[in-house]
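# Notes for the structure review
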Amino acid sequence: MNLRQLLLRLPRYLGVWGPLPRRRWSPSLDTISSVCSWRGQSSRSPVHWNQVLSEAEKIVGYPTSFMSLRCLLSDELSNIAMHVRKLVGTRHPLLTTAREFVHDNRHNLQLRGLVVLLISKAAGPSSVNASCQNYDMVSGIYSCQRSLAEITELIHTALLVHRGIVNLNELQSSDGPLKDMQFGNKIAILSGDFLLANACNGLALLQNTKVVELLASALMDLVQGVYRENSTSAKENYITDDIGISTWKEQIFLSHGALLAKSCQAAMELAKHDAEVQDVAFQYGKHMAMSHKINSDLQPFIKEKTSDSMTFNLNSAPVVLHQEFLGRDLWIKQIREAQEKGILDYAKLRETIKAGKGVTSAIDLCRYHGNKALEALESFPPSEARSALENIVFAVTRFS
């Protein structure tokens, strides 16, 4: 039984199963509204996201998962799963997170580890440093690089679990009993800390101080990025951030891009590649993560079938760009016009944003970062792994 099959059995235990050449340009405000030229898709590149990920998994040897098998079967996690089951019937967001772990149609949870494995195989062993030739290698990937991929997924998963902690001071009667939220918070803290502890233990076993430093700094970036988000949203009379796209990109790199970028760089360090190759891997991870985040932000605005009640983040890329083009005062006015008795009408506001330049500019920005990721890959020799990395970019930046 592979990890994917095992993960699909976990819900029954938890009880949470639910129903051309390109033009290089700088994305300034003056240029981001223009349509950038985009490298055309290869006729061989698959379009469907699941197909892209499935084909990539075959290249790295076996399906990736959000945590290792030994971690999944540990007694500690079994105890946590028993407690999570007690949350069934409540409205605690930890349940939603648990469902997504085992039933994620877009396989986003395993993306980071998969990218680390693919870029490890695309780069191959170092041609100038033969000190790691005695390491175990399977399907062109060192065992320590596979461990790093698992660690990356553990850190990302721990962050998702911790972000599910509910602010008890903002509870409403519709959220359910206070004791359920308190218990859910305790389990979220416990399970997130458990995953982080396993990640730290795995890092120590790699016995590479630079890799430990890279991943520790990535974790620091994650915490800093989330803190910035929460500190802003906690402000009195908070509606939306008064930030430009440059500030938004800095913040999103901390909370969404740093982990993948530094994990890709760490994978090159484990294979004893020089600083130049490490920087290439870092750039791919950074721009791939940024492109993926912008794609996610765009979904409520580009889906053909969108529920009128579907909400979206007022600090997402299309909204920030819309505000930057429009001006802060007019943007606040549009928000107030979309409010009825203090309740925001997201359907009305969505149509207002779609009528502006924010959505098309966000698509251009997504493709810009996709182009930068593809540029980084040009340093690697042609291979199946490099093609898979390119296909992931193509899938993320496809909007037609």
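Once a new chain begins, its residue numbering starts again from 1 and follows that chain's sequence as written. Where totals are concerned, whole chains, interfaces and linings use all residues; where local detail is concerned, this predicted model gives features only for residues with pLDDT of at least 70, and gives and counts side-chain atom pairs only at 80 or more. Neither water nor hydrogens contribute to the side-chain values; these are computed over all heavy atoms in the structure.

An unreviewed UniProt entry lists the protein under the name All trans-polyprenyl-diphosphate synthase PDSS2, from Daubentonia madagascariensis. UniProt positions are given in the numbering used here, feature names are shortened, and annotations may be inferred rather than shown by experiment. Per UniProt, the protein has the following entry under Sequence similarities (unreviewed entry): "Belongs to the FPP/GGPP synthase family."

## Topic: the overall build of the protein
The helix count covers DSSP runs of H or I at least four residues long, the strand count covers runs of E at least two residues long, and both are numbered beginning at the N terminus. Check the secondary structure of the protein and you find 17 helices and four strands. A total of 400 residues make up the protein; the buried ones form 52% of that total. To be clear on the numbers: accessible area is Shrake-Rupley with a 1.4 Å probe, and residue cover counts the displayed protein chains and nothing else. Carbon and sulfur atoms provide 51% of the accessible area of the protein, an area that totals close to 19700 Å². Exposed residues in this analysis have more than 50% of their type's maximum accessible area, buried residues have under 20%, and partly exposed residues fall in between, with area computed by a 1.4 Å probe over protein chains only.

## Regarding the packing of helix 12 (residues 275-302) against helix 16 (residues 358-377)
Closest axis-to-axis distance for the helix 12/helix 16 pair is 8 Å, and the angle between their directions is 155°. Our classification of the angle between helix 12 and helix 16 gives roughly antiparallel. Every pair of crossing elements has a handedness; the one defined by helix 12 and helix 16 is left-handed. Residues Val280, Gln283, Tyr284, His287, Met288, Met290, Ser291, Ile294, Asn295, Leu298, Phe301 and Ile302 of helix 12 form the contact with helix 16, whose own contacting residues are Val359, Ala362, Ile363, Leu365, Cys366, His369, Gly370, Lys372, Ala373, Ala376 and Leu377. Tallied by class, the residues present in the contact of helix 12 with helix 16 amount to 16 nonpolar, six polar and one charged. Fitted lines through C-alpha atoms give the axes, limited to the stretch in contact for helices. The angle between two N-to-C directions lies from 0 to 180 degrees. Oblique is the label for any angle not covered by the other classes, which are roughly parallel (under 35 degrees), roughly antiparallel (over 145) and roughly perpendicular (65 to 115). The crossing is said to be left-handed when, going from far helix to near helix, the turn is anticlockwise and less than a right angle, and right-handed when the turn is clockwise. Contacts were defined at the residue level, with two residues in contact if any of their heavy atoms lie within 4.5 Å. Gly is put with the polar residues, along with every residue not named as nonpolar or charged; the nonpolar set is Ala, Val, Leu, Ile, Met, Phe, Trp, Tyr, Cys and Pro, and the charged set is Asp, Glu, Lys and Arg.

## Here we look at the packing of aromatic side chains
Only centres within 6.5 Å qualify two rings of Phe, Tyr or Trp (six-membered ring in Trp) as a pair; their planes then separate them into stacked at under 30 degrees, edge-to-face at over 60, and tilted for everything else. Following the criterion strictly, the structure yields three aromatic pairs and no others. Put simply, the rings of Phe301, Phe312 and Tyr346 touch in pairs and so form one group of aromatic residues. A cation over an aromatic ring shows up here: Lys286 above the ring of Phe253, its NZ or CZ 5.8 Å from the ring centre. Counting as a charge over the ring demands two things of the Lys NZ or Arg CZ atom: a distance within 6 Å of the ring centre and an angle within 35 degrees of the ring normal.

## Description of the nonpolar core
With 97 residues, the main nonpolar core has Leu118, Leu215, Trp248, Tyr284 and Ile392 as its most contacted residues. Ranked by residues supplied to this core, first place goes to helix 11 (residues 245-270) with 14 residues. Not counting residues up to four positions away in its chain, the partners in contact with Tyr284 are Val115, Ile119, Ala373, Ala376, Leu377, Leu389, Ile392 and Val393. Throughout this description, the term nonpolar core refers to a set of buried Ala, Val, Leu, Ile, Met, Phe, Trp, Tyr and Cys residues connected via side-chain atoms within 4.5 Å.

## Some thoughts on the packing of helix 8 (residues 143-162) against helix 9 (residues 178-206)
Closest axis-to-axis distance for the helix 8/helix 9 pair is 8 Å, and the angle between their directions is 160°. The angle between helix 8 and helix 9 places the two elements in the roughly antiparallel class. Two packed elements cross with a definite hand, and for helix 8 against helix 9 that hand is left-handed. For the pair helix 8 and helix 9, the contacting residues are Cys144, Ser147, Ile151, Leu154, Ile155, Thr157, Ala158, Val161 and His162 in the first and Ala188, Ile189, Ser191, Gly192, Asp193, Leu195, Leu196, Asn198, Ala199, Gly202, Leu203 and Leu206 in the second.

## Observations concerning the environment of Ala266
Take Ala266: it is sitting in helix 11. The exposure class of Ala266 is buried, given its relative accessible area of 0%. Residues contacting Ala266, with those up to four places away along its chain left out, are Leu148, Val211, Leu214 and Leu215.

## Brief notes about the pattern of salt bridges
The working definition used for a salt bridge is a side-chain nitrogen of Lys or Arg within 4 Å of a carboxyl oxygen of Asp or Glu. Counted under the stated rule, the structure contains six salt bridges. We note a salt bridge from Asp297 to Lys293, for which the minimum N-O separation is 3.1 Å. Of the two residues, Asp297 and Lys293 are both situated in helix 12; the distance of four residues between them amounts to about one turn of the helix. Just as Asp297 is buried, Lys293 falls in that class too. The closest approach of N and O atoms between Glu375 and Lys372, which form a salt bridge, is 3.6 Å. Of the two residues, Glu375 and Lys372 both sit in helix 16, three residues apart, roughly one turn of that helix. The class for Glu375 is buried, based on a relative accessible area of 18%.

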